[in-house]
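Now for the letters of each chain:
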Amino acid sequence: MATASSLFLGLSTAPRTRAGPAASCPPSARPSLRLRQRSSPAVAAAVQAEHQPAVAAAPKPPALPFRVGHGFDLHRLEPDLPLIIGGINIPHDRGCEAHSDGDVLLHCVVDAILGALGLPDIGQIFPDSDPRWKGADSSVFMREAVKLMHEAGYELGNLDATLILQKPKISPFKETIRSNLCDLLGADPSVVNLKAKTHEKVDSLGENRSIAAHTVVLLMRK
């Protein structure tokens, strides 16, 4: 399988910052839903991914007609941080504490794709010990996973994802998140499903102290 050594990755070099007092403003005063700003072409051209030893060392997967992968991710929620889900900035008074932008959904999808390909997880390929990924836009990781999927000779059959969080309600934002996810995957909306569940006020998820996601993907041989 070809490696990711030639991929140019665009990521934000600006660190994540806490939002300050405005983050706790009432719903009527909160900013409108928006797609997280992408890195500029100049930054994307300047930052080239180095050869990833973890990917290179992984055995080439057998040419099966289909492969299934499961992804899971969980992040702690902290006040005054941006809440990024599926590449969308969701108005909320808490956000994910993480080395990158803490996008629990995209991290989960990346792990599902990597798992289906028999590759190491996102933490090995993009370790939090690497300063390049500090505050990075998780679309960087998504594009790499999709590239590796195509290089291995597969395409997305379908994807089913479940977000688990007590707050905020995701239903007003679900279609925007799903649309952006389809764009990153290069997939038709008919094969990408997104659900959201509360945790019935149980443990850290139910107490609005964390957010989690599960994803299952089916990859089909081209």
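Here the structure is a predicted model, which is why all the values come from computation and not from measurement.

A. Geometry of the overall build of the protein chain. Looking only at helices and strands, the protein chain features 7 helices and 8 strands. Expressed as a percentage of the 222 residues in the protein chain, the buried residues total 49%. For the protein chain, the share of sequence-separated contacts (at least 6 apart) that also reach a separation of at least 24 residues comes to 81%. A total of about 10400 Å² of accessible surface is found on the protein chain, and carbon and sulfur atoms cover 56% of it.

B. Representation of the side chain of Q166 in the model. Relative to the helices and strands, Q166 resides in the loop between β6 (154-164) and α6 (174-185). Only 3.2 Å separates the side chain of Q166 from the backbone nitrogen of H199, close enough to count as a polar contact. Side-chain polar atoms of Q166 contact the backbone nitrogen of E200, separated by 3.5 Å. Residue contacts for Q166: discarding those within four places in its chain leaves T198, H199, E200, K201, L205, G206 and N208.

C. Seen up close, the packing of aromatic side chains. A complete count under the given rule lists 0 aromatic pairs for this structure. The ring of Y154 is capped by R221, whose NZ or CZ atom sits 5.0 Å from the centre of that ring.

D. Molecular detail of the pairing of β6. Where burial is concerned, most of β6 is hidden: 8 out of the 11 residues are buried. The sheet contact formed by β6 and strand β8 (residues 210-221) spans 10 bridges and is antiparallel. Considered in β8, the bridge of E155 is made with M220. In terms of strand pairing, β6 meets strand β7 (residues 192-197) through 6 bridges, oriented parallel. Within β7, the residue paired with L159 across the bridge is V192. Once the chain exits β6 it traverses α6 before rejoining the sheet at β7, and the crossover so formed is right-handed.

Conventions used here
Residues numbered from 1 in each chain as written. Predicted model: local features only at pLDDT ≥ 70, side-chain atom pairs only at ≥ 80, totals over all residues. Heavy atoms only, no water. Helix = DSSP H or I, 4+ residues; strand = E, 2+ residues; numbered from the N terminus. Buried < 20%, exposed > 50% of the residue type's maximum accessible area, 1.4 Å probe, protein only. Contact = heavy atoms within 4.5 Å. Areas by Shrake-Rupley, 256 points an atom, 1.4 Å probe, with all protein chains shown as cover. Polar contact = N/O pair within 3.5 Å; in protein donor to acceptor, adjacent residues only side chain to side chain. Phe/Tyr/Trp six-rings, centres within 6.5 Å; stacked < 30°, edge-to-face > 60°. Lys NZ or Arg CZ within 6 Å of the ring centre and 35° of its normal. Pairing = 2+ DSSP bridges. Right-handed = clockwise from strand over helix to strand, strands pointing away.

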